[in-house]
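Fold and contact review
Take a look at the letters that make up each chain.
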Amino acid sequence: MDSKKETHQFKTEVQQLLNLIINSLYSNKDIFLRELISNSSDAIDKLRFQTQTEPDILGDDTEFRIKIVADKEKRTIEVSDNGIGMTSDEVLENIGTIAKSGTAAFLEAMEASKKQDLLTPELIGQFGVGFYSSFIVAEKVTLITRAAGSETATRWESSGDGSFTIEETAKDSRGTTVILNLKKPEKDEQDFTEEWTIRGIIKKHSDFVSYPILMDVEKDEPIPEKEQILDKDNKPVATTRKVRKEETLNSMKAIWARDKKEVSDDEYKEFYKHISHDWNDPLTHIHLKLEGTTEYSMLLYIPSKAPFDMFHQERKHGIQLYCKRVFIMEDCKELLPEYLRFVKGVVDAPDLNLNVSREILQQDRLVRNIHKNVVKKILDLLAGMEKDEYEKFYNEFGPVIKEGTHTDWENKDKIAELIRYKTTKSDGDLVSLATYIENMKPDQKEIYYITGDNLSSLIDSPHLEQLKEKDYEVLLMTDPVDEWVTMSLTEYKEKKLKSAEKGDLDLELDKVDDKKKDEYTALFEYVKSFLEDKVKEVRPSSKLKDSVCCLSGDANDMSAYMEKLLKSSGQEAPGVKRVLEVNVDHPAIAGIKDLFEKDKDNERLKDYSNLLLDMAIIGEGGKVENPSRFSKMVGDLMSNAL
Ligand code: ADP
């Protein structure tokens, strides 16, 4: 970059977010300081990690620290660190964009629905707006940064009004300084240049940050006798004087290394916010110290809200790895399986081999051992939750945890205990498989389910008519991931899971009797001859009661929902032909049979065949091939009937 000052426009979503921050965050303004300190602490962590491979990178500047400087007259507050800093390219990349995918779409929807007033700090916090929270309190923000190992520095500046400037500058030492020009405090509002205000915020939000947070504070110091000025009565005019001295404002106590009994609820919450950059309180946590042959401690949190990018590939994992309270790495995937990627926290393993590289971490015996135990502890924690709390968790992370049935064979049974579904009988409540089995009818042998994307059309699906008639409960599976659940979880406590839309349901009482079946064979072959390239068979149904017909699959066929999912994700679906099941007890079918037996060449038979298929498709919420033909035929039928 040359040294000229360049002006850049913020990306649309950044400016939208800034507007929201500036206009809608009235309470909890003090969190800006926590966010800046967290960023500084992360920047030092990153540098510290780099020293493992590049020990010389620190030069003379080896005492890690974060420094706060406030100026009452100028109304500024500065947060500086001697962390890794940023190059000008990194500034452009990191500051002025929002990394989280999905943010733009969310903000657009928010703006379109004019629901900005529903935006709470917690909701905004879910974006991980960190640095931008400065604009809650500042009218202008300046960031000056010099990357470790670089000679030049970069100055970034913005008033949050659409653009920012960036230029080359000089800086004495490595790291980042963020300077906020504060807005005037409103009436009764705290003044962030006030020493005791800053002290209070740091004590509350950032006490456990593992680097010293320093500030020059005014202190009374005794004046040595020799230097005391005496008045006319030979008495000292003053015995103390004000001096400015650097003081460390945080205790730096690693919260996970402390005794559980000594850590307050608020401290746990604040620590969560520090490591997760989430502004919401966590749902719950576990804090454990393991002693014995392998020693390590863990402090793990379950968030209360799913982040927007939960299903994005490049999403970071939330476990930080420490060794004897020294930060080793963030985003330690090796400690957590994918299906627990929502967990945040810290693992501190004193016996970890510090030279272990990321690549071989996975093979490290200690790491594997910790991984296994972390999974166990979290699954136990979830299993032990009270119903209400568990439902809160499940509503946010249910789809994620279900992935485990497919990927973690070792814990499949435990995960099966954790999954819940709405059912045809639960009236919107979530039901576990264990409860489902408890409520099974005495003659019921299997666990029935149906998959699809729309709960209400599933409840009314024609496939469930006979099951409802028998008063059997059916699990309603509406998550895409459920298709994978049904592939891997074929059995629970010796009861088979059975799709209500595939194969024969084996509902003995309702078997179509063979004589009746035979009566229809000729008609169904005839109907099939019209629909040859669309269905693989036309047969009497054991599922239907009131509906005329439905489409089903053979036991091993792909479900309609799976096919839809594959198509919508742009993948090739094999296009399995389905079975047209017809209700031979329905008067309409008896009517068609009469017509067929009287006049096999009647043109209307072809129309009725097409109509049967279209009705079956519509019955499961699909799209018919030729909607205008369909509606014309229905119109004709109506006029004949009326
Ligand atoms: P987050 O911290 O959640 O990633 P921020 O908007 O706070 O989001 O920061 C964006 C990025 O800017 C950070 O991920 C980091 O790469 C960089 N950054 C912010 N503050 C600093 C700092 N003090 N030192 C170095 N890099 C920083």
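Heads up: these notes are all about the structure in this document. Per-chain numbering applies: the sequence of each chain, read as written, is numbered from 1 onward. Only residues with pLDDT of 70 or above have their local features reported here, since the model is predicted, and side-chain atom pairs are shown and tallied only from 80 upward, although totals for entire chains, interfaces and linings are computed over all residues. Only heavy atoms go into the side-chain values, all of them from the structure, while hydrogens and water stay out.

Turning next to the overall build of the chain. We count a stretch as a helix when DSSP gives it H or I for four or more residues in a row; a strand needs E for two or more, and each element gets its number in order from the N terminus. For the chain, the count of helices and strands is 21 helices and 23 strands. Taken over C-alpha atoms, the radius of gyration comes to 33 Å for the chain, far larger than the 26 Å a tight globule of 642 residues would show. Along the longest, intermediate and shortest principal axes, the C-alpha atoms of the chain span 130 × 60 × 45 Å. When burial is assessed residue by residue, the chain has 51% of its 642 residues classed as buried. For a compact globule the rule gives 2.2 Å times the number of residues to the power 0.38, and the radius of gyration it is set against comes from C-alpha atoms. Exposure is judged per residue with a 1.4 Å probe applied to protein chains only, and the accessible area is read against the type maximum: over 50% gives exposed, under 20% gives buried, and values in between give partly exposed.

So, on to unusual backbone geometry. Note on backbone geometry: most residues besides glycine have negative phi, and most peptide bonds are trans. Positive phi values are uncommon outside glycine, yet Met 252 reaches one of about 60°. Assignment of secondary structure puts Met 252 in the loop between strand 9 (240-248) and helix 7 (265-276). Phi at Asp 427 takes a positive value of approximately 55°, unusual for a residue other than glycine. In this fold, Asp 427 is placed in the loop between strand 15 (420-423) and strand 16 (431-432).

Attention now goes to a negative patch on the surface. Exposure above 30% relative accessible area and the lack of any salt bridge qualify a residue for a patch; like charges then connect within 9 Å, and the nonpolar side chains Val, Leu, Ile, Met, Phe, Trp and Tyr within 5 Å. The Shrake-Rupley method, run with a 1.4 Å probe, gives the accessible areas here. Residue values count only the displayed protein chains as cover. Put simply, a salt bridge is a Lys or Arg side-chain nitrogen that is within 4 Å of an Asp or Glu carboxyl oxygen. None of His or the chain ends enter the tally, which takes Lys and Arg as positive and Asp and Glu as negative. To locate a charge, the coordinates of NZ of Lys, CZ of Arg, CG of Asp or CD of Glu are taken. There is a patch of like negative charges on the surface, built from Asp 599, Asp 601, Glu 603 and Asp 607. With respect to the secondary-structure elements, Asp 607 resides in helix 20 (residues 604-619). Taking the relative accessible area as the measure of exposure, Asp 607 reaches 36% and is therefore partly exposed.

Under the criterion given, the structure shown has 52 salt bridges. Across the salt bridge formed by Lys 402 and Asp 482, the nearest N and O atoms sit 2.9 Å from each other. Taken as a pair, Lys 402 in helix 10 (residues 387-402) and Asp 482 in helix 16 (residues 482-488) lie far apart in primary sequence, 80 residues in all. The pair formed by Lys 402 and Asp 482 is uniform in burial state, with each residue classed as buried.

It is worth spelling out the site of the ligand at this point. Here a residue is near a molecule or strand as soon as one of its heavy atoms is found within 4 Å of it. Among the 13 residues in the neighbourhood of the ligand, the closest are listed as Asn 39, Asp 81, Asn 94, Phe 131 and Thr 176. One nitrogen or oxygen atom from the main chain of Phe 131 is found 2.8 Å from an oxygen atom belonging to the ligand. Burial of the ligand by the protein chains amounts to 80% of its free accessible area of 530 Å². Residue polarity follows a fixed list, in which Ala, Val, Leu, Ile, Met, Phe, Trp, Tyr, Cys and Pro are nonpolar, Asp, Glu, Lys and Arg are charged, and the others, Gly among them, are polar. Tallied by class, residues from the shell around the ligand come to five nonpolar, six polar and two charged. Pairs of N or O atoms are called polar contacts if they sit within 3.5 Å, as long as, within protein, a hydrogen donor faces a hydrogen acceptor (for residues adjacent in sequence, only side-chain-to-side-chain pairs).

Time to look at the environment of Ser 569. Mapping Ser 569 onto the fold places it in the loop between helix 18 (560-568) and strand 23 (578-582). Residues Ser 569 and Val 431, spaced 138 residues apart in sequence, show a C-alpha to C-alpha distance of 29 Å.

To continue, consider the side chain of His 463. Inspection of the secondary structure puts His 463 in the loop between helix 14 (455-459) and helix 15 (465-469). Contacts are residue-level and defined by heavy atoms, with any inter-residue pair within 4.5 Å sufficient. Leaving out residues up to four positions away in the same chain, His 463 has contacts with Ile 450, Ala 500, Glu 501, Leu 505, Lys 543, Cys 550, Leu 551, Ser 552 and Glu 620.

Two strands pair if DSSP finds at least two bridges between them. Strand order in the open sheet made by the six strands is 16-15-18-17-20-19, with mixed pairing throughout. Unpaired on one side and paired on the other, strand 16 and strand 19 (491-492) mark the two borders of the sheet. For strand 17 (residues 447-451) and strand 18 (residues 474-477), the ladder comprises four bridges, and the chain directions are parallel. Across the sheet, residue Ile 450 finds its bridge partner in strand 18, namely Leu 476.

Cavities and pockets are defined on a 1 Å grid built over the protein atoms alone: a cavity is a set of grid points where a 1.4 Å probe fits but cannot escape, while a pocket is an open set with protein on both sides within 12 Å along at least five of seven lines, and lining residues are those with an atom within 4 Å of any such point. Grid points are joined across faces, edges and corners, and a volume is the space filled by probe spheres set on the points. Space inside the second largest pocket adds up to approximately 970 Å³. Lining the second largest pocket are 34 residues, with Ala 560, Arg 578, Ile 617, Glu 620 and Gly 622 positioned closest to its centre. Listing elements by their share of the lining of the second largest pocket, those giving two or more residues are strand 17, helix 14, helix 18 and helix 20. Across the lining of the second largest pocket, the residue classes tally to nine nonpolar, 11 polar and 14 charged.

All right, on to the environment of Arg 341 then. Take Arg 341: it is sitting in the loop between strand 13 (326-329) and strand 14 (344-348). Counting along the chain gives 56 residues from Arg 341 to Phe 397, while the straight-line C-alpha distance between them is 9.8 Å.

A few words now on the pairing of strand 2 (residues 66-71). As judged from the six bridges shared by strand 2 and strand 3 (residues 76-81), these two strands associate in the antiparallel manner. Bridging across to strand 3, Val 69 finds its partner in Glu 78. Linkage of strand 2 to strand 3, two consecutive antiparallel strands, is achieved through a turn of four residues, within which Arg 75 is found at a positive phi near 55°. Where strand 2 meets strand 8 (residues 213-222), three bridges bridge the pair, whose relative direction is parallel. Each residue of the ladder has a partner; that of Ile 66, found in strand 8, is Ile 213.

Looking at soluble globular proteins, one finds that nonpolar side chains tend to be buried together. The nonpolar core is taken to be a set of buried Ala, Val, Leu, Ile, Met, Phe, Trp, Tyr and Cys residues, with the residues joined through side-chain atoms within 4.5 Å. Counting 69 residues, the largest nonpolar core has Phe 342, Ile 378, Phe 393 and Ile 401 as the members making the most contacts within it. With nine residues, the single largest contributor to this core is helix 9 (residues 365-383). In this view, Phe 342 contacts Tyr 301, Ile 302, Pro 303, Met 310, Phe 393, Phe 397, Val 400 and Ile 401; residues no more than four positions away in its chain are not counted.

Bringing the packing of helix 2 (residues 31-51) against helix 6 (residues 195-205) into the picture now. Working convention: axes come from line fits to C-alpha atoms, limited for helices to the stretch in contact. Angles between N-to-C directions cover 0 to 180 degrees. One can describe the packing of helix 2 onto helix 6 by two numbers: an axis separation of 10 Å at closest approach and a directional angle of 65°. Considering only the axes of helix 2 and helix 6, their crossing is right-handed. Where helix 2 approaches helix 6, its residues Leu 33, Arg 34 and Ile 37 are matched on the opposing element by Ile 198, Ile 201, Ile 202 and His 205. Class assignment for the residues of the contact of helix 2 with helix 6 results in five nonpolar, one polar and one charged. Less than a right angle of anticlockwise turn of the near helix away from the far helix marks a crossing as left-handed, whereas a clockwise turn marks it as right-handed.

What follows is about the state of the cysteines. Whenever a pair of cysteine sulfur atoms sits within 2.5 Å, that pair is classed as a disulfide. One pass over the structure, following the stated rule, counts zero disulfides. Left unpaired, Cys 550 is separated from the closest cysteine sulfur, that of Cys 549, by 7.2 Å.

In this scheme, a helix's expected span is set at 1.5 Å multiplied by one less than its residue total. In this model helix 9 runs 27 Å from its N-terminal to its C-terminal C-alpha over 19 residues, within 8% of the 27 Å that 1.5 Å per residue would give. Among all positions in helix 9, only Leu 366, Val 367, Ile 370, Asn 373, Val 374, Val 375, Ile 378, Leu 379, Leu 381 and Leu 382 are buried. Of the residues that open helix 9, the one with a side-chain oxygen 3.0 Å from the backbone nitrogen of Leu 366 is Asp 364.

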